[in-house]
Amino acid sequence: MTVTSVPSGAPIPGTAGQGQRLQLLRVLGPGHVWALGVGIVLVGEYMGWNFSVGKGGMIAGLVACWLAGLLYTCVAMIDSEVTSTVAAAGGQYAQAKHIVGPLMAFNVGLFLVMAYTMLEAANAITIGFLLDTVAGLQGHEGLNQQPFIILTVMFLAWLNYRGVLATLTFNLVITAIAFLAIIILFVAVQLGASAVPLEFSAVTTDPLPYGWLGIIAALHFGLWYYLGIEGTCQAAEEVRSPARSLPYGTMAGIMTLLIAATLTWYVCSGLIPWEYLGQAGTPLFDAARVTGSTPLMVLLFVGTIFSTLASANGCINDASRAWFSMGRDRYLPIWFGAVHPKYRTPYRSIVFLVPIALIFALGAPLDQVVTFSILSGLLGYTFMTFNMVMFRRKWPLGTIKRGYVHPFHPLPAILLLAICSATYFAVLLGYGSQLISMMCFYILASLWFHFWRYRFVRRGDQFTMPWPRPIGY
Amino acid sequence: MDFWNYLEYAAWVLIVLFGGHMLIDLARVDSTYDNDLLTSSREGEIERTQELHKL
Amino acid sequence: MAYQPPRQGLAAQIIDVAVLLVMTVGALYLPLYLGLAGAAKNPQPIDNPTWEALGQNAAEQAQWQALGITDPAAANDIITARFDYSFSWAALIIMAVLVIGYFVLVVRLSDKEYREVIDERFGGQ
């Protein structure tokens, strides 16, 4: 097997002589991929994951953390193999287009845009909430959160508009600081910096307040520890060597998160009574408050702000890439498929998604937004299972060049499907109406696409990979 | 009026600046360049210029 | 002969986006309007709450205090709140049918479209 390098600028078969083309800029390295993946997700450690403790108790929270970690290890393995081969902006969207078909791709594109835009809205809401809390601690009651929520979305959209390298370098720095903050908190507590000792007696006295059902129920928010790590492959068209960088960045990301998630559970469960933890808005910040150490409080405040910013930033990046790719293929109006001539970003998609994010950030309750985001993510993971099986079937190993081949196929896919099914059940416990309403939405949207929108799509142009004909077609 | 009130006003000003810059730039780019050029990006094209998949 | 899609005018493009947006916002707000949103935790406060009656040991009491809650009565609701996990089998079946039906629908329609794509890209058999 050989890979021939052709100098960029050499004529491209079939496209020569058509004049100038605008492309996204290929400037990112593995570090940026790590920052994009972990940056989106790390906020899950700073808020949201602890609802899993509320849904099932401390032990259930830890089991959900590890089960979800297993789910995401499968996701990362599967995703790395497919992405290292299908390296195009839009990530899973482009995968679905080449492996399953156009309608699936449209749905996957919607999952991505919904999951990321909702997560972005949730982040903006959290920043408003945290500033309100701090203003309250300083004696200013009733802070108007709206300008800060809007500013968060607007500033990050502007950063994204101006170019991907600056955006993700910014992300790399603030993600690293937020991650270090968790490590420092853990080490400081181990060294006895806390005024109140770690206390785990609830693990033995009241291990499973809801019984075994609680563990499954906790899985719903257990996903929140890692949700969005698969976003790494959105940047495929802007990474310098996607076949190498994407698997490395994604795998390093999932390891970082497994460590951070376990440390977070340990420190928070030890320092905060589980009943409080289960409904806390900013658990790591609260843990720092319990230690009674002002430097730790400041550190974790900064960590919370940075992790939410990094997450919202990555979400804008990913949602706009997915929206842009759908526009480029005319799944959505072609107007969105534009690249900025100077900054080389999908600028129209970025601007368009700003008001959408604001509708959700200002108009909907947080748990609705979070559940919508989790459900869209979950549908995306379900898609990955049969996508992987079809990928290996249509192009068996050896027929095309894969940057990475994951071991034990099809075990990860089966495991992923099993955990996904359990999570659907977990969402049903309490959020069944959202689930049903969302399924209706995706079914309606699918019919709309198949019977109306698809007529504007060029058929053969959708398949862009230099692969042989798939087996069986 | 305290510190937090000023912060609110500062936030509103920044919103107008960032949002305004994006909108003005978008309008300027859209009126300067041909739409066909702006939407000329093709998926995977750059792949073929860098790596040719061969067995 | 390759399929030539019709050109879409600006107005039609805007309508398409609007349709999609209405569906999205509708799906989000529908459960809210129907009053079906969210799982509520129900507090079952006990009478004359003390830290001991609420099952909090000395270390946990210190933690509550560090969080700014010094009065057991204030923690009463938080500590005794529990979710209601009873669910109906009918809802479970509706969910299963919807999720599975949805994926079957999407994959089958996709496959139909995919064959056209492959034929056009690689030429007919």
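Residues numbered from 1 in each chain as written. Chains lettered and ligands numbered in written order. Predicted model: local features only at pLDDT ≥ 70, side-chain atom pairs only at ≥ 80, totals over all residues. Heavy atoms only, no water.

**Notes on the overall build of chain C**
- Scanning chain C from terminus to terminus reveals four helices and zero strands.
- In chain C, the succession of α and β elements from N to C terminus is α-α-α-α.
- Its C-alpha atoms give chain C a radius of gyration of 28 Å, clearly above 14 Å, the size a compact globule of 125 residues would have.
- The dimensions of chain C, computed from C-alpha atoms along their principal axes, are 80 × 35 × 30 Å.
- Each of the 125 residues in chain C was classed as buried or not, and the buried ones make up 35%.
- Restricting to contacts in chain C with at least 6 residues of sequence separation, those with at least 24 account for 54%.
- The distance from the centre of the 7 positive side-chain charges to the centre of the 12 negative ones in chain C is 16 Å. (Helix = DSSP H or I, 4+ residues; strand = E, 2+ residues; numbered from the N terminus. Rg over C-alpha atoms; globule rule 2.2 N^0.38 Å. Buried < 20%, exposed > 50% of the residue type's maximum accessible area, 1.4 Å probe, protein only. Contact = heavy atoms within 4.5 Å. Lys, Arg positive; Asp, Glu negative; His and termini not counted. Charge placed at Lys NZ, Arg CZ, Asp CG, Glu CD.)

**Looking at the side chain of Arg453 of chain A**
All names here are of chain A.
- Tracing the backbone shows Arg453 in the segment after helix H16 (411–451).
- The exposure class of Arg453 is buried, given its relative accessible area of 1%.
- A polar side-chain atom of Arg453 sits 3.3 Å from the main-chain carbonyl oxygen of Leu332. (Polar contact = N/O pair within 3.5 Å; in protein donor to acceptor, adjacent residues only side chain to side chain.)

**Some details on helix H12 (residues 283–291) of chain A**
Residue and element names in this part refer to chain A.
- Counting buried residues in H12 gives eight out of nine residues, a clear majority hidden from the surface.
- Residues of H12 that are buried include every one of Pro283, Leu284, Phe285, Asp286, Ala287, Ala288, Val290 and Thr291, and no others.
- Where H12 terminates, the next one or two residues include Gly292, which has phi positive at roughly 75 degrees.

**Concerning the packing of aromatic side chains**
- Following the criterion strictly, the structure yields 44 aromatic pairs over all chains and no others.
- Centre to centre, the rings of Phe449 of chain A and Tyr454 of chain A are 5.6 Å apart; their planes meet at 50 degrees, and the pair counts as tilted. Here the two residues Phe449 of chain A and Tyr454 of chain A agree in accessibility, since each one is buried.
- Counting every residue linked through ring pairs, the aromatic cluster contains Phe111, Phe383, Phe386, Phe441 and Tyr442 of chain A together with Tyr102 and Phe103 of chain C.
- Across the ring face of Phe122 of chain C, the terminal group of Arg121 of chain C is positioned such that the distance to the ring centre comes to 5.2 Å. (Phe/Tyr/Trp six-rings, centres within 6.5 Å; stacked < 30°, edge-to-face > 60°. Lys NZ or Arg CZ within 6 Å of the ring centre and 35° of its normal.)

**Concerning the interface of chain A and chain C**
- In this assembly, 101 residues from chain A lie in contact with 67 residues from chain C.
- A buried area of about 7400 Å², summed over both sides, lies between chain A and chain C, and 70% of it is on carbon and sulfur atoms.
- Inspection of the chain A/chain C interface yields three salt bridges.
- One salt bridge connects Arg459 of chain A with Glu116 of chain C, and the closest N-O pair in it is separated by 2.8 Å. (Buried area = accessible area lost by both parts, 1.4 Å probe. Salt bridge = Lys/Arg side-chain N within 4 Å of Asp/Glu carboxyl O.)

**Notes on the UniProt feature "domain: Amino acid permease/ SLC12A" (unreviewed entry) in chain A**
- What UniProt calls "domain: Amino acid permease/ SLC12A" (unreviewed entry) maps, in this numbering, to residues 40–431 of chain A.
- Overall, residues 40–431 of chain A shows 73% helix and 0% strand. The separation of its end C-alpha atoms is 24 Å. (UniProt positions renumbered as here; feature names shortened; annotations may be inferred.)

**Some words on the side chain of Asp318 of chain A**
All names here are of chain A.
- As for its position among the elements, Asp318 is in helix H13 (residues 294–328).
- Of the side chains with opposite charge, Arg321 lies nearest to the buried Asp318, which makes no salt bridge, at 6.7 Å.
- Residues within four places of Asp318 in sequence aside, it is in contact with Leu36, Ile40, Tyr116, Gly231 and Gln234.

**Things to note about the packing of helix H5 (residues 102–137) of chain A against helix H4 (residues 89–122) of chain C**
- Running from N to C, H5 of chain A and H4 of chain C cross one another at 125 degrees; their axes reach a closest spacing of 6 Å. By the angle class used here, H5 of chain A and H4 of chain C are oblique. Residues Pro102, Leu103, Met104, Asn107 and Phe111 of chain A of H5 of chain A pack against Tyr102, Phe103, Val106, Val107, Leu109, Ser110, Glu113, Tyr114 and Val117 of chain C of H4 of chain C.
- When the residues that make up the contact of H5 of chain A with H4 of chain C are grouped by side-chain class, the tally is eleven nonpolar, two polar and one charged. (Axes fitted to C-alpha atoms, helices over the stretch in contact; angles between N-to-C directions. Parallel < 35°, antiparallel > 145°, perpendicular 65-115°, else oblique. Nonpolar A, V, L, I, M, F, W, Y, C, P; charged D, E, K, R; others polar.)

**Some remarks on the UniProt feature "transmembrane region" (unreviewed entry) in chain C**
Residue and element names in this part refer to chain C.
- Per the UniProt annotation, the sites labelled "transmembrane region" (unreviewed entry) are residues 12–34 and 87–107.
- The distance from the first to the last C-alpha atom of residues 12–34 is 32 Å, and the span holds 96% helix and 0% strand.
- Strand forms 0% of residues 87–107 and helix 90%; the C-alpha atoms that close the span are 30 Å apart.

**Re the environment of Gly90 of chain A**
Residues and elements named next belong to chain A.
- Along the chain, Gly90 falls in the loop between helix H3 (58–83) and helix H4 (92–99).
- With 335 residues separating them along the chain, Gly90 and Phe425 place their C-alpha atoms 29 Å apart.
- Apart from the residues lying within four places of it in its own chain, the contact partners of Gly90 are Leu112, Gln234, Arg321, Ala322 and Ser325.

**Some remarks on the pattern of salt bridges**
Residues and elements named next belong to chain A.
- Considering all chains together, one arrives at eleven salt bridges over all chains under this definition.
- Residue Arg321 is joined to Glu238 by a salt bridge in which the shortest nitrogen-to-oxygen separation is 2.7 Å. Of this pair, Arg321 sits in helix H13 while Glu238 sits in the loop between helix H9 (212–222) and helix H10 (242–271), and the two are 83 residues apart along the sequence.
- The exposure class of Glu238 is buried, given its relative accessible area of 0%.
- It is possible to trace a salt-bridge network through shared partners that takes in Glu81, Arg392 and Arg402.

**Examining helix H1 (residues 30–46) of chain A**
Residues and elements named next belong to chain A.
- Spanning 17 residues, H1 covers 24 Å between terminal C-alpha atoms, matching the ideal 24 Å at 1.5 Å per step.
- A maximum bend of about 35 degrees is found in H1 at Gly39.
- By the criterion of burial, H1 is predominantly enclosed, with 15 of the 17 residues buried.
- Count one or two residues on from H1 and you reach Gly48, which has phi positive near 100 degrees. (Expected span 1.5 Å × (residues − 1). Bend = angle between axes of the 7 residues up to and from the residue.)

**What about the nonpolar core?**
- Judged by nonpolar contacts, the single largest core of 227 residues is most densely connected at Tyr72, Phe106 and Tyr226 of chain A.
- Here the element with the most residues in this core is H5 of chain A; it accounts for 22 residues. (Core = buried A, V, L, I, M, F, W, Y, C linked by side-chain atoms within 4.5 Å.)

**Here's the deal with the confidence of the model for chain A**
- Here chain A averages 87 in pLDDT, while 96% of its residues score no lower than 70.
- By mean pLDDT, strand S1 (residues 2–5) of chain A is the weakest element of chain A at 36, and helix H6 (residues 146–162) of chain A is the strongest at 95. (pLDDT = per-residue confidence, 0-100.)

**Overview of unusual backbone geometry**
- The omega angle of the peptide bond from His409 of chain A to Pro410 of chain A is 5 degrees, so this bond is cis rather than trans.
- In this structure, Pro410 of chain A sits in the loop between helix H15 (366–394) and H16.
- Residue Phe408 of chain A is not a glycine yet carries a positive backbone phi of 65 degrees.
- For Phe408 of chain A, the position within the fold is in the loop between H15 and H16.
- Even without glycine at this site, Asn48 of chain C takes up a positive phi of about 45 degrees.
- Inspection of the secondary structure puts Asn48 of chain C in the loop between helix H1 (10–33) and helix H2 (58–66).
- We classify Asn48 of chain C as exposed; its relative accessible area is 69%.

**Considering the packing of H6 of chain A against helix H1 (residues 3–32) of chain B**
- One way to put it is that H6 of chain A packs onto H1 of chain B with a least axis distance of 9 Å and a crossing angle of 35 degrees. Crossing geometry of H6 of chain A relative to H1 of chain B is assigned as left-handed. For the pair H6 of chain A and H1 of chain B, contact is made by Pro147, Phe148, Ile150, Leu151, Met154, Phe155, Ala157, Trp158, Tyr161 and Arg162 of chain A and by Leu7, Glu8, Ala11, Trp12, Leu14, Ile15, Phe18, Gly19, His21, Met22, Asp25 and Leu26 of chain B, respectively.
- Across the contact of H6 of chain A with H1 of chain B, the residue classes tally to 17 nonpolar, two polar and three charged. (Left-handed = near helix turned anticlockwise from the far one by under 90°.)

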